Amino acid sequence: MLADAAPTPYWLDRPERPDPAPRLVADTEADLVVVGGGFTGLWAALQAVEEDPGRDVVLLEADLVAEGATGRNGGFCAASLTHGLANGLDRFPEELPELLRLGFGTLEAIAAAVERHGIACDLERTGELTVAVQPWQVDELARLHAEADRLGLRWRLLDGETVRDEVASPTYLAGLEDPDGVALVDPARLAWGLRAACLRLGVRVHERTPATALARDPSGVRVSTPYGTVRAAKVLLATSAFPPLLPRISRYVVPVWDYVLMTAPLSAEQRAAIGWRGRHGISDAGNQFHYYRLTADDRLLFGGYDAIYHLGGSTDPRHAQRPETFALLADHLVRTFPQLDGIPVTHAWGGVIDTCTRFSPMWGTAMGGRVAYAVGYTGLGVGASHFGARTALDLLDGRDTERTRLSMVRRRPRPFPPEPVRWGGIQMTRRALAAADLHGGRRGPWLRLLDALGLGFDS
């Protein structure tokens, strides 16, 4: 299966990939500098100029737009701002109805922007299917369905026969369908379309231009790069899991590597063998979970399960290739769909996720409110980044909005401990999560301690 897999993200391996924007090679000034050309940075720049067409915005990207997490994910564009309903119930129970409303509004705003700017990113409003693959997960799905029903969500609980009739996997024991909360996209094409929209509206985009330092300046903030500086009234940091310009962010966010396989297009016979008429995005209900989906040309993307943290928080691009994880995922793919045994994998890659202890984004400001940031999406940033960017812009502009009043926005998660305790704690947590999956979902002493402290580790 893996013999001929290209070591690059499928989404980025396209002839329509845009030519790089020019490096910044001189000093300049702007009203707003956005640091980071992933989804948060792109949405921030676009919303800033749409709201105020006269605003002079510069976007700095250290590599190429979509080269980081934005072009390496599964393309699940979720309405959830809380990394799923269960996490929202655990961490933001009083605000959850409002967060659900804002999340659905965010998904609608993304779809509207895609249409408004003519972005061809294969957006499909498929919904999502969560499947139980162990007996203990059946009860978890039933509990979650009851909570969704209480909150007025249109979720549907499926027994084993019904879910297997929908998607023909022998591993499925039950399913929970969310018909409204997830759209599937081609993430690279979405990012490239947002980049094109920014350029059309006057945003000055500089790729291959890493921001190396922030400093106070009489005009506001000075952003240094290797070949020039930008002086700006305000700066929005959207650096995801990569080393931040504000050291304080490192206390709250760790870079976790996640891995993905992409198969060749399924034949008509293979598609018929697995069913999947609704084309939902799918994830299983384990602590170590998989996520998978079909692409527009009926390839199967299959990823997740093995969340890897390296000592010191390394984001070295060499970590994007991990043969032992690719082999594990290939084995799990065939267990899930024996009908696809032997299907070629055309691409195998890894990407880094900005994980925080509450599994959902956090915000903050610095330098007297002249700098704002949004980070920590923990794998659900394709959709939540639109909300993260909008909220960070509100904070920069000093606005009192329904977003900035949220305790989710005003409160930070608990920080991770320093190294090497951080690395040791994450390894213990990974082992404990695997043990829980093997023992009926029962959370051992270590996981119960983390729960009591409000700490967590996830991808």
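As a reminder, the structure under discussion sits directly above these lines.
Residues numbered from 1 in each chain as written. Predicted model: local features only at pLDDT ≥ 70, side-chain atom pairs only at ≥ 80, totals over all residues. Heavy atoms only, no water.

Colleague: Explain the environment of Val167 residue by residue, including any values.
Modeller: Tracing the backbone shows Val167 in the loop between α5 (160-166) and β6 (174-178). Residues Val167 and Asp27 lie 140 residues apart in sequence; the distance between their C-alpha atoms is 56 Å. (Helix = DSSP H or I, 4+ residues; strand = E, 2+ residues; numbered from the N terminus.)

Colleague: Before we move on, could you go through the environment of Phe242 and cite the residues and values that matter?
Modeller: Of note, Phe242 is situated in the loop between β11 (228-237) and β12 (254-263). Since its relative accessible area comes to 34%, Phe242 is described here as partly exposed. Remark: the alpha-carbon pair of Phe242 and Gly36, spanning 206 residues in sequence, is separated by 9.6 Å. The residues touching Phe242, leaving out its near neighbours within four places in the chain, are Gly68, Thr315 and Val352. (Buried < 20%, exposed > 50% of the residue type's maximum accessible area, 1.4 Å probe, protein only. Contact = heavy atoms within 4.5 Å.)

Colleague: Talk me through the packing of aromatic side chains; I want residue IDs and the actual numbers.
Modeller: Under the counting rule described, the total for this entry stands at eight aromatic pairs. Between the aromatic rings of Phe76 and Tyr291, the centroid separation amounts to 6.0 Å while the plane-to-plane angle is 80°, which identifies the pairing as edge-to-face. Taken as a pair, Phe76 in strand β3 (residues 76-78) and Tyr291 in strand β14 (residues 290-294) lie far apart in primary sequence, 215 residues in all. Under the relative-accessibility criterion, Phe76 is labelled buried at 11%. Grouped by ring-pair contacts, the aromatic residues Trp276, Tyr292, Phe302 and Phe337 constitute a single cluster. Over the ring of Phe359 we find Arg91, and its NZ or CZ is 5.0 Å from the ring centre. (Phe/Tyr/Trp six-rings, centres within 6.5 Å; stacked < 30°, edge-to-face > 60°. Lys NZ or Arg CZ within 6 Å of the ring centre and 35° of its normal.)

Colleague: Give a detailed account of empty space enclosed by the protein, specifying residues and quantitative values.
Modeller: Regions of empty space are outlined by a rolling probe, equal in size to a water molecule, passed over the atoms. Counted under the stated rule, the structure contains two cavities of 30 Å³ or more. The computed volume of the second largest cavity comes to approximately 30 Å³. If you go around the second largest cavity, the residues you meet are Arg17, Pro18, Asp19, Pro20, Leu64, Val65, Trp192, Arg195 and Glu207. Looking at side-chain class alone, the lining of the second largest cavity contains five nonpolar, no polar and four charged residues. (1 Å grid on protein atoms, 1.4 Å probe; cavity = no way out; pocket = protein on both sides within 12 Å on 5 of 7 lines; lining within 4 Å. Points joined across faces, edges and corners; volume = space filled by probe spheres on them. Nonpolar A, V, L, I, M, F, W, Y, C, P; charged D, E, K, R; others polar.)

Colleague: Could you give an account of the pattern of salt bridges, with specific residues and numbers?
Modeller: Going through the model one piece at a time under the given rule, you end up with 39 salt bridges. With its nearest N and O atoms 3.3 Å apart, the salt bridge here joins Arg189 to Asp122. Highlighted residues: Arg189 in helix α6 (residues 187-200) and Asp122 in the loop between α3 (96-116) and β4 (128-132), separated in sequence by 67 residues. The closest approach of N and O atoms between Lys234 and Asp397, which form a salt bridge, is 3.0 Å. Of this pair, Lys234 sits in strand β11 while Asp397 sits in the loop between α9 (381-396) and α10 (407-410), and the two are 163 residues apart along the sequence. Owing to a relative accessible area of 23%, Lys234 belongs among the partly exposed residues under this scheme. With a relative accessible area of 25%, Asp397 lands in the partly exposed category. (Salt bridge = Lys/Arg side-chain N within 4 Å of Asp/Glu carboxyl O.)

Colleague: Hey, could you go over the environment of Trp363 for me, with residue numbers and the actual values?
Modeller: Following the sequence through the fold, Trp363 ends up in strand β17 (residues 362-366). A C-alpha to C-alpha distance of 13 Å links Trp363 and Leu246, two positions 117 residues apart in sequence. Those residues in contact with Trp363 that sit more than four places away from it in its chain are Arg358, Tyr373, Ala374, Phe387, Gly388, Thr391, Ala392, Leu395, Met408, Val409 and Arg412. Among the polar contacts made by the side chain of Trp363, one reaches the main-chain carbonyl oxygen of Gly388 at a distance of 3.1 Å. (Polar contact = N/O pair within 3.5 Å; in protein donor to acceptor, adjacent residues only side chain to side chain.)

Colleague: Give a detailed account of the layout of surface pockets, specifying residues and quantitative values.
Modeller: Considered as a void within the structure, the second largest pocket measures approximately 440 Å³ in volume. As for the second largest pocket, its lining consists of 18 residues, of which Val133, Gln134, His290, Tyr305 and His332 are closest to the centre. Mapped onto the lining of the second largest pocket, the elements with two or more residues apiece are α4 (135-150), β14, α8 (323-336) and α11 (421-438). Looking at the lining of the second largest pocket residue by residue, the class counts come to seven nonpolar, eight polar and three charged.

Colleague: Explain the pairing of β4 to me, and be specific about the residues and the numbers.
Modeller: Side-chain direction in a regular strand flips from residue to residue, so the side chains alternate between the two faces of the sheet. Of all the five residues making up β4, four are buried; the element is thus mostly covered by neighbouring parts of the structure. Note that β4 and β6 share five bridges and pair antiparallel. Within β6, the residue paired with Ala132 across the bridge is Ala174. Sheet topology note: the β4/strand β13 (residues 281-284) ladder contains four bridges and is parallel. If you follow Leu129 over to β13, its bridge partner there is Ile282. (Pairing = 2+ DSSP bridges.)

Colleague: Explain α11 residue by residue, including any values.
Modeller: Its 18 residues give α11 an end-to-end C-alpha distance of 26 Å, which sits within 8% of 26 Å, the value for a rise of 1.5 Å per residue. Among all positions of α11, only Arg422, Gly425, Ile426, Gln427, Thr429, Arg430, Ala432, Leu433, Ala436 and Asp437 are buried. Where α11 is buried, its residues touch α4, β12 and α12 (445-453). Of the residues one or two after α11, Gly440 is the one with positive phi, at around 65°. (Expected span 1.5 Å × (residues − 1).)

Colleague: Outline unusual backbone geometry, listing residues and values.
Modeller: Cis geometry is adopted by the peptide bond preceding Pro420, which originates at Glu419 and carries an omega value of 0°. We note that Asp122 has phi near 55°; this positive angle belongs to a residue other than glycine. Since its relative accessible area comes to 33%, Asp122 is described here as partly exposed. Backbone geometry places Tyr305, a non-glycine residue, at a positive phi of 70°. Considering the arrangement of structural elements, one finds Tyr305 in the loop between β15 (300-304) and α8.

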